Amino acid sequence: MRSTPRFLAAVSRSQPSRLKKPAVGLDHFIQRGRVLAFWREVVRALNKIPPSSTRNELHNYARTEFERHREVSDLQHIRYLLSTGKAEFETMRRYIDEQVAG
């Protein structure tokens, strides 16, 4: 059986591609970039701690928090989580600086 272009076009229209993600607005795109930048900042700070169980625990805690809120799509909630996460991270950064210095 030979596929015709008309048949292929009909099939592609009836079945949405699994590869395409839904489009997000500019605000979501910007917030996503801020969240990813914050994640990189956290990971870089944790990598300054010498390998230890404390480092692993802090990394697991940060990853769990990011994963727990992965599906949040409300912009106000994302902004709130980002600001509270940064405040909590500043407390953790003081601990990290003590670990690196000491």
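Each value, and the rule that gives it
Every chain begins its residue count from 1, and numbering advances along the sequence as written. This being a predicted model, a pLDDT of at least 70 is required before a residue's local features are given, and a value of 80 or more before pairs of side-chain atoms are given or counted; all residues contribute to the totals for chains, interfaces and linings. Side-chain numbers here rest on the full set of heavy atoms in the structure, without hydrogens or water. UniProt positions are given in the numbering used here, feature names are shortened, and annotations may be inferred rather than shown by experiment. For helices the rule is a DSSP run of H or I covering at least 4 residues; for strands it is a run of E covering at least 2, with both sets numbered from the N terminus onward. Each residue gets one of three labels from its accessible area relative to the maximum for its type: buried under 20%, exposed over 50%, partly exposed in between, using a 1.4 Å probe on protein chains only. Note on contacts: a residue pair is in contact if any heavy atoms of the two residues lie within 4.5 Å. Using a 1.4 Å probe, accessible areas were evaluated by the Shrake-Rupley method; residue-level cover was limited to the displayed protein chains. To get an axis, a line is fitted to the C-alpha atoms, and for a helix only the part in contact is used. The angle between two axes follows their N-to-C directions and goes from 0 to 180 degrees. We call two directions roughly parallel when the angle between them is under 35 degrees, roughly antiparallel when it is over 145, roughly perpendicular when it lies between 65 and 115, and oblique otherwise. For a crossing to be left-handed, the near helix must be turned anticlockwise from the far one by less than a right angle; the clockwise case is right-handed. Any residue that is not Ala, Val, Leu, Ile, Met, Phe, Trp, Tyr, Cys, Pro, Asp, Glu, Lys or Arg is counted as polar, Gly included; the first ten are nonpolar and the last four charged.

By the naming in an unreviewed UniProt entry, the protein chain goes by LYR motif-containing protein 2 and is assigned to Penicillium canescens. Within the UniProt record for the protein chain, the comment given under Function (unreviewed entry) is "Involved in efficient integration of the N-module into mitochondrial respiratory chain complex I." For the record of the protein chain, the UniProt heading Subcellular location (unreviewed entry) holds the text "Mitochondrion".

Our focus in this paragraph is the overall build of the protein chain. Helix and strand counts for the protein chain stand at four helices and zero strands. Counting over 102 residues, the protein chain shows a buried share of 16%. Counted over contacts in the protein chain with a minimum sequence separation of 6, partners at least 24 positions apart contribute 73%. As displayed, the protein chain has an accessible area near 8600 Å², and 55% of this comes from carbon and sulfur atoms.

Time to look at the packing of helix α2 (residues 26-47) against helix α4 (residues 75-101). Their axes nearest at 11 Å, the elements α2 and α4 cross at an angle of 15°. In terms of axis orientation, α2 runs roughly parallel to α4. Crossing of α2 against α4: the hand is left-handed. Residue-level contacts link D27, H28, Q31, R34, V35, F38, E41, V42, A45 and L46 of α2 to L75, I78, R79, L82, G85, K86, F89, M92, R93 and I96 of α4. Residue composition of the contact of α2 with α4, grouped by class: eleven nonpolar, three polar and six charged.

Here we take up the environment of A62. Along the chain, A62 falls in helix α3 (residues 53-68). What makes A62 buried here is its relative accessible area of 7%. Considering only alpha carbons, one finds A62 and F89, 27 residues apart in sequence, at a separation of 9.2 Å.

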